[in-house]
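So you can see what is in the structure, the chains are spelled out below.
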Amino acid sequence: MRKYFFEALAVILIFGSLGFFVECVSFLGRHDYIAAFLLMVVGVAVLQVGAELARLALVERD
Amino acid sequence: MRQMTLCVALGANLWMVAVIAPLIVGGTLASVPAGGIVSLILLALACPAALAWGAWRRAPAILFVAFPFLTVLPLLLKESTEMPLPAPPFVLLALSLGAYLVATARGLERAAIAVGEWPEVKTGALAPEQVPPRWRRRRRLYFTLAMASLALPVMLLWSINLRHSTGEALDRAFGAHADAVRALYTAGAAMLTLFVFRYYLVAPLETHLQRDRETVRAMDQLRKHAKSGRPRASFYFFVVIALGAMIAVVWERTH
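So, here's what we can say about the structure. (Residues numbered from 1 in each chain as written. Chains lettered and ligands numbered in written order. Predicted model: local features only at pLDDT ≥ 70, side-chain atom pairs only at ≥ 80, totals over all residues. Heavy atoms only, no water.)

Concerning the packing of helix α2 (residues 33–59) of chain A against helix α10 (residues 213–227) of chain B
Right, so step 1: Between α2(A) and α10(B), the shortest axis-to-axis distance is 10 Å and the interhelical angle comes to 85°. The angle between α2(A) and α10(B) falls in the class roughly perpendicular. Contacts from Arg55(A), Leu56(A) and Val59(A) of α2(A) reach α10(B) at Glu214(B), Thr215(B), Val216(B) and Met219(B).
Right, so step 2: The residue makeup of the contact of α2(A) with α10(B), split by class, is four nonpolar, one polar and two charged. (Axes fitted to C-alpha atoms, helices over the stretch in contact; angles between N-to-C directions. Helix = DSSP H or I, 4+ residues; strand = E, 2+ residues; numbered from the N terminus. Parallel < 35°, antiparallel > 145°, perpendicular 65-115°, else oblique. Contact = heavy atoms within 4.5 Å. Nonpolar A, V, L, I, M, F, W, Y, C, P; charged D, E, K, R; others polar.)

What follows is the structure, encoded as structure tokens:
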């Protein structure tokens, strides 16, 4: 169960971070540069967590 | 050098699509001043020079950053210099760039193996019995990371250049300079994609290739600590911070 959990969460977080980047572009169009920067930071952080979970899922032996 | 042949071929294709074809179709050379022609020709020739040098030296920074930036530079300068340069079809440009980046990554990998920088890769036919679950999981994750590498630049480019609401917002906000801003955001999206690709999407695969001893060691330590049945000191620290933040929010809402 644990290995599927890591894998599913990694996929959700990696593709979920794309939403933050797309919203970042929306805020750039509205001149809201602070919000856009924060969304980009959140997107990168979510992607980093997803990448770490992918590493854990790759390392799992069974 | 043989390993970089496909990379050079696709790089030349990208140069033709992004630089040469727009210059010829737009008749740019006939309409710019004499001083501008020399600069434009030098800029156009800088692209194959960067590609050739990067392929000869097998330099990732030149092949992944400098050459793609030089190929889109005329499009970025188009607005500020009022140069009559038509933009290439977006889908063709995106496919050319994507194919070039993939070929470059594979070419650099094969070149590194050929000069012995990595351990020799042994290949063999897979056993006819069912693929073990951990290998099926690893293939799924490889596929996920590859799809994310493709989806990120495509979604960002769609959001900046093709999404109707973003186009309207940029036109309202920047007026006549909307195209220049759009080009700047596109360049920023490209840099972000390269950064994310190198440090977040390729990194798990790179560490996995090296057996990821750091993660395995950390997991062993966590398993040993989990057997003790007590949380670590940092757990209590973060619980105190979370409770303090919740009390602060409630107090702020009620006063």
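Regarding the interface of chain A and chain B
Right, so step 1: With 31 residues of chain A at the contact, the number on the chain B side is 37 residues.
Right, so step 2: Of the roughly 3100 Å² buried at the junction of chain A and chain B (both faces included), carbon and sulfur atoms supply 71%.
Right, so step 3: Linking chain A to chain B there are one salt bridge.
Right, so step 4: One salt bridge connects Arg140(B) with Glu7(A), and the closest N-O pair in it is separated by 2.4 Å. (Buried area = accessible area lost by both parts, 1.4 Å probe. Salt bridge = Lys/Arg side-chain N within 4 Å of Asp/Glu carboxyl O.)

Looking at the environment of Leu51(B)
Residue and element names in this part refer to chain B.
Right, so step 1: As for its position among the elements, Leu 51 is in helix α3 (residues 34–57).
Right, so step 2: Since its relative accessible area comes to 5%, Leu 51 is described here as buried.
Right, so step 3: Beyond its immediate sequence surroundings of up to four residues, Leu 51 is in contact with Cys 7, Val 8, Gly 11, Ala 12, Leu 63, Phe 67 and Tyr 100. (Buried < 20%, exposed > 50% of the residue type's maximum accessible area, 1.4 Å probe, protein only.)

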